[in-house]
Amino acid sequence: MIRNAHLRPPRRTSVRGLLSRSLVLAGLVALTLVTAFPVLVVIIGAFSPEVDVISAPPTLLPSRFTLDNFVELAERIPLLQEGWNSVLFAGMVTASSLMFNALAAYALARIDFRGRSVIFTILVATMMIPFQALLVPIYQIASDLGWVNTLAGLVIPRAADVAGIFLLRQFFVSLPRDLDSAARIDGAGEFRIFWSIVLPNAKPALLTMALFNFVGNWNDLLWPLIMTNDAAVRPLTAGLALLTGSATGVAPYSVLMAGSLVAILPLLIIYLLIQRRFIESVAMTGLKG
């Protein structure tokens, strides 16, 4: 009887199951199109003449493709300089956050000391305070230190964040404690354990935090707009925001779309390059050691 059960032909997929899968697939395709449609409009508008962008009724396909919008964009703002400033700002904040967040998270997750739970509770509670409420005192401190309109003023106040500490702390807690005990028996100190054991096993969480941190700071507008007034240190997002009220007049919509495309293109390239690794990291972050 057991052998005959193994020789039975597999059941055919029911019509109801096939229909449900088709509906799910159709829903995902529709959701993808709705989500990607604004990006598609920006891409097409960036290569379209202004008359096509503001035409009524709107047209999806332009009458002709042109690069004049990018030329005018480069004439209105120092595109390469501000783009490089964005790379420095987002990259340096991400690198410093990885270091400081990881160190703080390791101390809160793997080192037993008096008051650890109280400190962690206070840190989590500060996540409830909106950044706008802290903007004035942070700006005042930066101004007193002479950091206004400098790269240090942009980066140092963002060098660590509670959300990153919380994410890494939760991941570090899930790692087996036996790894630490074995390393201490071999004579390893805390920093050696942190660097050689904990960090290599926390690559999924580190990659997840790094990507979110880089994207968030690349797209940030409020802090760079307040801290900078010179194109030599101004990031690209702040430069694009000033296009709507620049001294040369309000920029056409097609030029604004060209600027938007320039701003999102690096992020799209980065995501396409690491999307598989990022999805694996998000999935593994929820697994226990």
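Scope of this entry: the structure provided in the associated data block. Bear in mind the structure is a predicted one, so any value in this text is a computation, not a measurement.

1. Description of the nonpolar core
Of all hydrophobic cores here, the largest spans 21 residues; its most connected members are Tyr106, Leu168, Phe171, Phe172, Ile193, Val198 and Leu199. Mapped onto this core, the elements with two or more residues apiece are α5 (79-110), α9 (162-174), α11 (190-201) and α12 (203-218). Within the second largest apolar cluster, 14 residues are counted, among which are Phe70, Leu73, Leu240 and Ala251.

2. Structural notes on the packing of helix α6 (residues 116-126) against α9
Two numbers describe how α6 lies on α9: the axes approach to 9 Å, and their chain directions differ by 135 degrees. Judged by the inter-axis angle, α6 sits oblique to α9. As α6 packs across α9, the resulting crossing turns out to be left-handed. Between α6, through Phe120, Leu123, Val124 and Thr126, and α9, the contact on the second element is made entirely by Val162, Phe166, Arg169 and Gln170. A per-class count over the contact of α6 with α9 returns five nonpolar, two polar and one charged.

3. Topic: the packing of α5 against α12
At their nearest, the axes of α5 and α12 sit 9 Å apart, and the two run at 145 degrees to each other. Considering how the two elements wind past one another, α5 and α12 form a crossing that is right-handed. Contacts from Gly83, Ser86, Val87, Phe89, Ala90, Gly91, Val93, Thr94, Ser97, Leu98 and Asn101 in α5 reach Leu206, Met209, Ala210, Asn213, Phe214, Asn217 and Trp218 in α12. Grouping the amino acids of the contact of α5 with α12 by side-chain chemistry returns ten nonpolar, eight polar and no charged.

4. With respect to the pattern of salt bridges
According to the stated counting rule, one finds six salt bridges in the structure shown. In this structure, Arg116 and Asp112 form a salt bridge, with 3.2 Å as the shortest nitrogen-oxygen distance.

5. Some remarks on the packing of aromatic side chains
Aromatic ring pairs are defined here through the distance separating the ring centres and the angle between the ring planes. For the structure on display, the rule yields seven aromatic pairs. Pairing Tyr106 with Phe194 gives two aromatic rings, centres 5.4 Å apart and planes at 65 degrees, and the pair type is edge-to-face. With Tyr106 in helix α5 and Phe194 in helix α11, the pair connects residues that are 88 residues apart, well separated along the chain. Grouping residues by exposure puts Tyr106 and Phe194 together as buried. Ring geometry for Phe120 versus Phe166: centroids 6.0 Å apart, planes at 10 degrees, classification stacked. Here the residue Phe120 occupies a position in helix α6, and Phe166 occupies one in helix α9, the gap between them amounting to 46 residues.

What counts, and where the lines are drawn
Residues numbered from 1 in each chain as written. Predicted model: local features only at pLDDT ≥ 70, side-chain atom pairs only at ≥ 80, totals over all residues. Heavy atoms only, no water. Core = buried A, V, L, I, M, F, W, Y, C linked by side-chain atoms within 4.5 Å. Buried < 20%, exposed > 50% of the residue type's maximum accessible area, 1.4 Å probe, protein only. Helix = DSSP H or I, 4+ residues; strand = E, 2+ residues; numbered from the N terminus. Axes fitted to C-alpha atoms, helices over the stretch in contact; angles between N-to-C directions. Parallel < 35°, antiparallel > 145°, perpendicular 65-115°, else oblique. Left-handed = near helix turned anticlockwise from the far one by under 90°. Contact = heavy atoms within 4.5 Å. Nonpolar A, V, L, I, M, F, W, Y, C, P; charged D, E, K, R; others polar. Salt bridge = Lys/Arg side-chain N within 4 Å of Asp/Glu carboxyl O. Phe/Tyr/Trp six-rings, centres within 6.5 Å; stacked < 30°, edge-to-face > 60°.

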